[in-house]
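Observations on the model geometry
Chain by chain, the residues run as shown.
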Amino acid sequence: MRPIRVWAYFLVFARTYMRNRVGLFFSLVFPIILILLFGAIFSNTGSVTVDLYVQDLDGGSALSHSFISALNATGVFSVHLVSPSVGNLSSWLSTNGYTTGLVIPLGFQSSYISHVPVRVVLYTDPAQTSTAGIAQSAVNGVVSEFNLQATGQSAPEVGVVGLNVGSHTYQYVDYLVPGLIGFSILVAPMFSMVNLSSQYKKAKLFRQLSLTPLTRGEWLLASILWFIVMVFASTLVMLAVGRGAFHSTVEPDALTFAFLLAGPVLFVSLGLLLGTVSKTPESAAVVGNLVTFPMMFLSGTFFPVSLFPDYLQKVALVLPLYYVVDGLNNTMVFQHTSAALVDLAVVLALAAIFFLAAIRAFRWQEQ
Amino acid sequence: MGDSVIEVQGLVKRYGPLAAVDGIDLEVRSGEVFAFLGPNGAGKTTTVEVLEGIRPRSAGSVRVLGHDPWKDRAKLQRRVGVIPQDFTFFDKITPVESIQFYGRLFDKRPDPTRLLREVELEEKADDAFEKLSGGQKQKLGLALALVNDPEVLFLDEPTTGLDPQARRAIWDVMRALRRGGRTIFLTTHYLEEAETLADRVGIIDHGKIVALGTPEEIITRFGRRPRLRIEGSPAIAERLRGEWSGEVQVEDGRTLVEIRTKEDVLAVLQLVERSGLPWSEVATQKDTLEDVFIRLVGRMSEGTVGTKDRRAGPPVARVKGVP
């Protein structure tokens with residue numbers, strides 16, 4: 001591994017990319033178009049505060065109290081307590097024309113302390129998609145924090161729940177910014193690498209490179225570095241457009257950068273792998289599209305996955321991009337560091353697997 | 001000519017049941033231009049790719065600058081320069097940038113201007129590769145092959161598909177390189193290219209070497225005896241057949257008479273004069289490399305261009321054999 005050789009190919013690749021407007025379009029321009037488009041369509045929903053009707057069947061235990069205050073602290077909800085005596089919360093909600101409610105079950109605290117799984121029940125109105133999605137995300141966030149608090153502690157200290165979002169309220173664009181950053185992490189590396197690896201093979205450019213001291217690892221690393229640069233550029237643009245045009249307030253943190261680094265490793269490798277195993281540029285394009293498009297739409301890039309029907313949410317769980325977008329949401333929107341670390345672990349593992357598989361499958365030349 | 005730079009013994013390369021290269025021996029000495037001549041699919045490219053170290057061999061021993069090219073590829077790469085067949089490069093990158101790229105890869109500090117002048121490509125220094133003509137692309141290939149200041153150059157069909165002017169321009173560059181003392185291993189299916197550039201020629205067909213030596217040696221060994229060509233009445237041939245001991249043929253209406261010595265020339269002319277038949281011109285004629293090639297390979301296979309065809313421009317459809 002010689003840095004000068006990585007740099008050498010990086011320069012060639014960067015120049016090729018900059019001079020070939022298609023790549024730049026997909027990396028920078030297309031995401032801007034999308035954020036402006038989706039942002040404009042959905043910005044009239046404004047910032048959201050969801051009225052949440054909470055029925056505490058645990059009799060006002062200390063833990064249910066702290067859970068409710070955690071919900072309050074998200075800033076997403078305006079919490080209203082409902083007496084257990086109204087009976088079934090779902091029918092009570094529909095009778096009264098309310099859309100969103102939550103039941104804290106009997107035995108919530110005791111189950112939690114003895115590590116027995118316990119469920120809170122969230123009722124949403126599927127017709128109100130954005131409200132429902134936001135409510136689900138926020139409640140999930142609180143639940144994750146509680147679960148993480150419980151892990152490995154025999155007697156969790158109740159009430160130390162800090163979601164740390166202050167009085168923040170989410171807008172659609174707050175999901176759209178990390179979603180479209182995820183889109184950039186996916187689309188440009190995948191399409192470029194699938195296309196390029198089959199084209200280079202056909203044009204015998206790999207054979208040409210095989211006549212030089214450049215190694216396959218150096219070549220792949222240089223390609224990854226270039227897409228990391230592009231992803232950083234696109235992230236800055238997304239943040240600026242989100243802020244400038246839609247008053248988005250999402251902020252990247254240190255962990256966000258980990259996703260911006262690991263994401264391109266994953267998708268450059270996956271793209272190379274698909275391009276390598278395809279026999280012709282045409283079949284490579286088909287395979288590339290088959291893998292990229294479902295991921296593009298079902299990983300939460302344009303809409304939060306929590307808005308999807310159950311079966312589609314399950315599909316999202318097998319898509320690598322889901323973990324990138326979820327991680328970016330967790331770092332940039334919810335500041336769920338612990339949940340983001342889980343996403344990052346998945347992304348890093350997938351990146352390592354695809355990187356090694358690509359390096360193994362990819363040859364400069366058939367023998 | 002100095003020490004041996006390339007030594008090949010019993011080289012075999014099989015693709016499945018097919019032997020693309022079927023047991024060849026050859027030696028190339030330092031500072032010489034060796035041309036590997038053969039029809040398409042004869043095994044030229046396979047051989048040169050084995051020598052470059054980008055293809056493993058099935059059997060035999062191969063040494064280039066003392067290295068086994070497949071095993072010591074990394075070491076060899078720094079000492080040889082290669083233009084593969086159908087050289088292509090990055091579309092959007094200019095010649096200057098390409099040379100700088102190669103310089104970084106080979107850890108050299110090339111002077112792009114000097115290299116481009118050497119291959120007569122200075123005026124296109126800052127044009128993208130995709131904007132270059134076929135000949136200019138090949139020239140860039142040559143320039144890149146020279147970045148690491150190689151001892152041996154492998155040029156695999158460097159002028160295939162180029163128009164005659166471009167081909168001659170590449171030849172000029174190759175002659176200059178040869179004067180610089182580099183060893184050049186050239187594959188070609190242009191007979192004229194081999195004849196004008198090469199010190200020695202190997203003719204390969206169906207994976208076997210059928211002739212090896214300087215063009216003169218090959219012509220002497222495999223060519224026909226010299227002939228006296230007489231332009232005149234076709235009846236001359238009839239008359240001479242009865243009176244001359246050597247072979248007498250008619251080709252394109254001309255009489256060709258086999259001769260062994262200078263005295264034979266006078267003897268034949270006396271016979272012609274005595275016959276009283278009209279004639280206008282006489283000349284002695286020797287086989288060219290092309291004549292020998294046709295005799296040995298048995299055909300001017302598709303794509304093989306001889307000296308007589310050179311005004312016809314680039315070859316038409318080329319039939320690709322084994323990769």
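Analysis parameters
- Residues numbered from 1 in each chain as written.
- Chains lettered and ligands numbered in written order.
- Predicted model: local features only at pLDDT ≥ 70, side-chain atom pairs only at ≥ 80, totals over all residues.
- Helix = DSSP H or I, 4+ residues; strand = E, 2+ residues; numbered from the N terminus.
- Buried ≥ 20, exposed ≤ 12 C-beta atoms within 10 Å, placed from the backbone.
- Contact = placed C-beta atoms within 7 Å.
- Core = buried A, V, L, I, M, F, W, Y, C linked by C-beta atoms within 7 Å.
- pLDDT = per-residue confidence, 0-100.
- Nonpolar A, V, L, I, M, F, W, Y, C, P; charged D, E, K, R; others polar.
- Pairing = 2+ DSSP bridges.
- Axes fitted to C-alpha atoms, helices over the stretch in contact; angles between N-to-C directions.
- Expected span 1.5 Å × (residues − 1).
- Domains from an automatic or database assignment.

1. Notes on the overall build of chain A
Along its length, chain A carries 14 helices and 4 strands. Along the three orthogonal principal directions, the C-alpha set of chain A runs to about 80 × 45 × 30 Å. Here chain A holds 367 residues, and 48% of them are scored as buried. Pairs at least 24 residues apart make up 80% of the contacts formed inside chain A by residues separated by at least 6 positions.

2. Thoughts on the environment of leucine 106 of chain A
All names here are of chain A. Within the secondary structure, leucine 106 sits in the loop between β3 (101-104) and α5 (108-113). The partly exposed category is assigned to leucine 106, around which 16 C-beta atoms lie within 10 Å. Expressed as a C-alpha distance, the spacing of leucine 106 and threonine 131, which sit 25 residues apart in the sequence, is 27 Å. What leucine 106 contacts, discounting residues up to four positions off in sequence, is Leu57 and Asp58.

3. A few points about the nonpolar core
In terms of nonpolar packing, the biggest core is built from 155 residues, with Ala35, Ala143, Phe185 and Leu186 of chain B touching the most fellow members. With 18 residues, helix α7 (residues 172-202) of chain A is the single largest residue contributor to this core. Listed in part, the 27 residues of the second largest apolar core include Phe67, Val76, Phe77 and Val103 of chain A.

4. Let's talk about the confidence of the model for chain B
Taken as a whole, chain B shows an average pLDDT of 86; of its residues, 92% reach a score of 70 or greater. The low-confidence segment residues 307-323 of chain B, where pLDDT is below 50, has 30 contacts with residues more than four positions distant or belonging to other chains.

5. A closer look at the interface of chain A and chain B
Opposite the 21 residues of chain A that make contact, chain B presents 20 residues. If you list the elements that add at least two residues to the side of chain A that touches chain B, you get α1 (3-19) and α8 (205-210) of chain A. For the side of chain A that touches chain B, the element with the most residues is α1 of chain A, which contributes 8 residues. Split by residue class, the side of chain A that touches chain B holds 9 nonpolar, 7 polar and 5 charged.

6. Here we look at the sheet that holds strand β1 (residues 50-56) of chain A
Residues and elements named next belong to chain A. Strand order in the open sheet formed by 4 strands is β2-β1-β3-β4, and the pairing between neighbours is mixed. Every interior strand has two partners, whereas the edge strands, β2 (77-82) and β4 (121-123), have only one. Across the sheet, the mean angle from the axis of one strand to that of its neighbour is 25°, orientation sign disregarded. One ladder, built from 6 bridges, connects β1 with β2; its direction is parallel. Bridging from a neighbouring strand, aspartate 51 pairs with serine 78 of β2. Against the sheet, helix α3 (residues 62-73) touches β1, β2 and β3, its axis set at about 150° to β2.

7. A few points about α3 of chain A
Residue pairs three or four apart in sequence face the same way in an α-helix, which turns once every 3.6 residues. Residues and elements named next belong to chain A. Under the 1.5 Å per step criterion, the end-to-end length of α3 is 16 Å for 12 residues, consistent within 8% with the ideal 16 Å. When α3 is considered as a whole, its buried residues turn out to be Leu63, Ser64, Ser66, Phe67, Ile68, Ala70 and Leu71. Backbone geometry just downstream of α3 places glycine 75 in the positive-phi region, at approximately 80°.

8. Some thoughts on the domain arrangement of chain B
A common measure of how large an interface is: the accessible area buried when the components associate. When the domains of chain B are assigned, the result is domain 1 (4-79 + 151-221) and domain 2 (225-285). Measuring from the centre of the C-alpha atoms in domain 1 of chain B to the corresponding centre in domain 2 of chain B gives 41 Å.

9. What about unusual backbone geometry?
Despite not being glycine, histidine 247 of chain A shows a phi value in the positive range, around 60°. Within the secondary structure, histidine 247 of chain A is located in the loop between α9 (216-246) and α10 (254-277). The exposed category is assigned to histidine 247 of chain A, around which 12 C-beta atoms lie within 10 Å. The backbone of glutamate 157 of chain B sits at a positive phi, close to 50°, despite the residue not being glycine. Inspection of the secondary structure assignment puts glutamate 157 of chain B in the loop between β6 (152-156) and α6 (164-179).

10. Here's the deal with the confidence of the model for chain A
Caution applies to low-pLDDT parts of the model: their predicted coordinates are not meant to be read in detail. Residue and element names in this part refer to chain A. Looking at chain A, the pLDDT average stands at 84 and 90% of residues meet or exceed 70. By mean pLDDT, helix α6 (residues 129-150) is the weakest element of chain A at 75, and α1 is the strongest at 95. Scored below 50 in pLDDT, residues 154-169 makes 32 contacts in the model with residues more than four places away or belonging to other chains.

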